[in-house]
2 protein chains.
Amino acid sequence: MKDTTQILRAKGLKVTPQRIAIYTMLSHTDEHPNAETIYRSLEPTNPTLSLATVYKTLDFFKASGLIQELNVGEASSRYDAIVTRHPHAVCTCCGKVVDLPADAFEELRHRACELTDFSLESEQLIFYGKCSKCKNQTQ
Amino acid sequence: MKDTTQILRAKGLKVTPQRIAIYTMLSHTDEHPNAETIYRSLEPTNPTLSLATVYKTLDFFKASGLIQELNVGEASSRYDAIVTRHPHAVCTCCGKVVDLPADAFEELRHRACELTDFSLESEQLIFYGKCSKCKNQTQ
DNA sequence: CCTTAAATAATAATTATTGTTATTTAATAA
DNA sequence: TTATTAAATAACAATAATTATTATTTAAGG
């Protein structure tokens, strides 16, 4: 895995401890955390970090294409350091969000293009259901 | 088109002028309005209507399966009286949201089922791009 | 009509997010 | 290495969408 400092610098972003902490954290989890969760997980080791900085930093990262924002219908946005377009599955029971392989839906985009007169740029594909754990617990 | 009163009654919902107004409005538009927009469009003819009632009514309708909530990444939710699962295209320029035919993505669901151990219940497929009007204006 | 449970209006409260500003700091040049 | 400066941060205020509260009103059934 490439060094966070290099990655930030490559995007022309000023390298700060806060940015390093946030990007490193995001790129090491598959939990798709929201701003609050990121903040709480970094607070212990970065006692002066403020939530507003987390929000602003995430905005910067998104604008630079370093991360993507995820809107799965919850009150707050989630974030993903994997920026290749890929679908997500959301557990309606425990809220877990998992990645689905991107290549599985390649031709879907072409289909969508045929169906509208839009010039499509991106998509958000979210599937809702019960994860294996919740599925078994309720039954 | 079936009478709104019948539709509400069939779902076991108490029939009130507010509910009639909101459902009738929603089922006659393809604009996918949010709560605020619904409220403002009904205010002139329903002067005592309150925004909180719009929100609560939309919740009731959603819970009864009369409408669906749409989350296209904006701050506020949009609503759609068409409850058959279908994808949407969102213009990143003017914010317009249009429906895509549902049947075009039938096998997509099967694909998604194969890819996870989730038991899938629904999905939200949103495509982002520029609508034909915006596409031509900027270029 | 009467009764009653449920819906509404008005408004307060909450929550996620964004704006403001004084202070600090990373990057660059001297 | 140090000085300069534009940008980032922390702290906190403000905003906007949504939800909660409560007194009042009303639809539905008897």
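Remember, it's a predicted structure, so these values are computed and weren't measured experimentally.

What counts and what doesn't
Residues numbered from 1 in each chain as written. Chains lettered and ligands numbered in written order. Predicted model: local features only at pLDDT ≥ 70, side-chain atom pairs only at ≥ 80, totals over all residues. Heavy atoms only, no water. Near = heavy atom within 4 Å. Polar contact = N/O pair within 3.5 Å; in protein donor to acceptor, adjacent residues only side chain to side chain. Helix = DSSP H or I, 4+ residues; strand = E, 2+ residues; numbered from the N terminus. Nonpolar A, V, L, I, M, F, W, Y, C, P; charged D, E, K, R; others polar. Least-squares fit on C-alpha atoms with pLDDT ≥ 70 in both. Contact = heavy atoms within 4.5 Å. 1 Å grid on protein atoms, 1.4 Å probe; cavity = no way out; pocket = protein on both sides within 12 Å on 5 of 7 lines; lining within 4 Å. Points joined across faces, edges and corners; volume = space filled by probe spheres on them. Pairing = 2+ DSSP bridges. Axes fitted to C-alpha atoms, helices over the stretch in contact; angles between N-to-C directions. Salt bridge = Lys/Arg side-chain N within 4 Å of Asp/Glu carboxyl O. Buried < 20%, exposed > 50% of the residue type's maximum accessible area, 1.4 Å probe, protein only.

Now for the protein's contact with DNA strand C. In the vicinity of DNA strand C there are 23 residues, among which A:Tyr55, B:Thr16, B:Gln18, B:Thr48 and B:Thr53 approach most closely. By atom count, sugar and phosphate contribute 77% of the portion of DNA strand C lying within 4 Å of the protein. Between DNA strand C and the protein, one listed contact pairs a base oxygen with a side-chain N or O atom of A:Lys56 at 2.9 Å. Only α4 (51-63) of chain A together with α2 (17-27) and α4 (51-63) of chain B provide two or more residues apiece to the surface near DNA strand C. Among the elements that make up the surface near DNA strand C, the one with the highest residue count is α4(B) (five residues). Residue composition of the surface near DNA strand C, by class: eight nonpolar, eight polar and seven charged.

Structural alignment of chain B on chain A gives an RMSD of 0.0 Å, achieved by rotating through 180° and translating 0.0 Å along the axis. Here the copies are linked by what is in effect a two-fold axis. Considering only C-alpha atoms, the part of chain B nearest the rotation axis is B:Leu125, at 2.3 Å. With an isologous cut-off of 70% or more, the 100% of interface residues of chain B that recur at the interface of chain A puts this contact in the isologous class.

Take empty space enclosed by the protein next. Under the counting rule described, the total for this entry stands at two cavities of 30 Å³ or more. Considered as a void within the structure, the largest cavity measures approximately 100 Å³ in volume. Surrounding the largest cavity, A:Ala104, A:Phe105, A:Glu107, A:Leu108, A:Arg111, B:Ala104, B:Phe105, B:Glu107, B:Leu108 and B:Arg111 form its lining. Elements supplying a minimum of two residues to the lining of the largest cavity: α5 (106-115) of chain A together with α5 (106-115) of chain B. Among the residues making up the lining of the largest cavity, the classes are represented as six nonpolar, no polar and four charged. In this model, the second largest cavity occupies a volume close to 40 Å³.

Tracing the chain through its elements places B:Asn71 in the loop between β1 (68-70) and β2 (78-80). With residues near it in sequence (within four places) discarded, B:Asn71 still touches A:Asn71, A:Gly73, B:Ser77, B:Gln124 and B:Ile126.

What follows is about the protein's contact with DNA strand D. Near DNA strand D lie 23 residues; those nearest to it are A:Thr16, A:Gln18, A:Thr48, A:Thr53 and B:Tyr55. Counting only the atoms of DNA strand D within 4 Å of the protein, the fraction contributed by sugar and phosphate is 78%. At 2.7 Å from a phosphate oxygen of DNA strand D is found a side-chain nitrogen or oxygen belonging to A:Thr53. For DNA strand D, a phosphate oxygen lies 3.0 Å from a polar atom in the backbone of B:Val15. Contributing elements (two or more residues each) for the surface near DNA strand D: α2 (17-27) and α4 of chain A together with α4 of chain B. At five residues, α4(A) tops the list of elements feeding residues into the surface near DNA strand D.

A word on the sheet that holds strand β5 (residues 119-130) of chain A. Remark on secondary structure: sheet strands pair via backbone hydrogen bonds, oriented parallel or antiparallel. In spatial order, the strands read β4(A)-β3(A)-β5(A)-β5(B)-β3(B)-β4(B); together these six strands make up an open sheet with mixed pairing. Pairing within the sheet leaves two strands with one partner each, and these edge strands are β4 (97-99) of chain A together with β4 (97-99) of chain B. With strand direction ignored, the average angle separating the axes of adjacent strands in the sheet is 25°. Judged from the four bridges that link them, strand β3 (residues 88-91) of chain A and β5(A) form a sheet pairing that is parallel. Of the residues in β5(A), the one forming a bridge with A:His88 is A:Ile126.

Bringing the pattern of salt bridges into the picture now. With the rule as written, the count across this model stands at 12 salt bridges over all chains. Between A:Lys62 and A:Glu69 there is a salt bridge, with its nearest N and O atoms 2.5 Å apart. Take A:Glu69: its relative accessible area is 28%, and that puts it in the partly exposed class. Put simply, A:Lys130 and B:Glu121 hold a salt bridge, and the shortest N to O gap is 3.5 Å. Of this pair, A:Lys130 sits in strand β5 while B:Glu121 sits in strand β5 (residues 119-130), each in a different chain. Judged by relative accessible area, which is 33%, B:Glu121 ranks as partly exposed.

It is worth stressing that arrangement in space is one thing and function is another; only the former is reported here.
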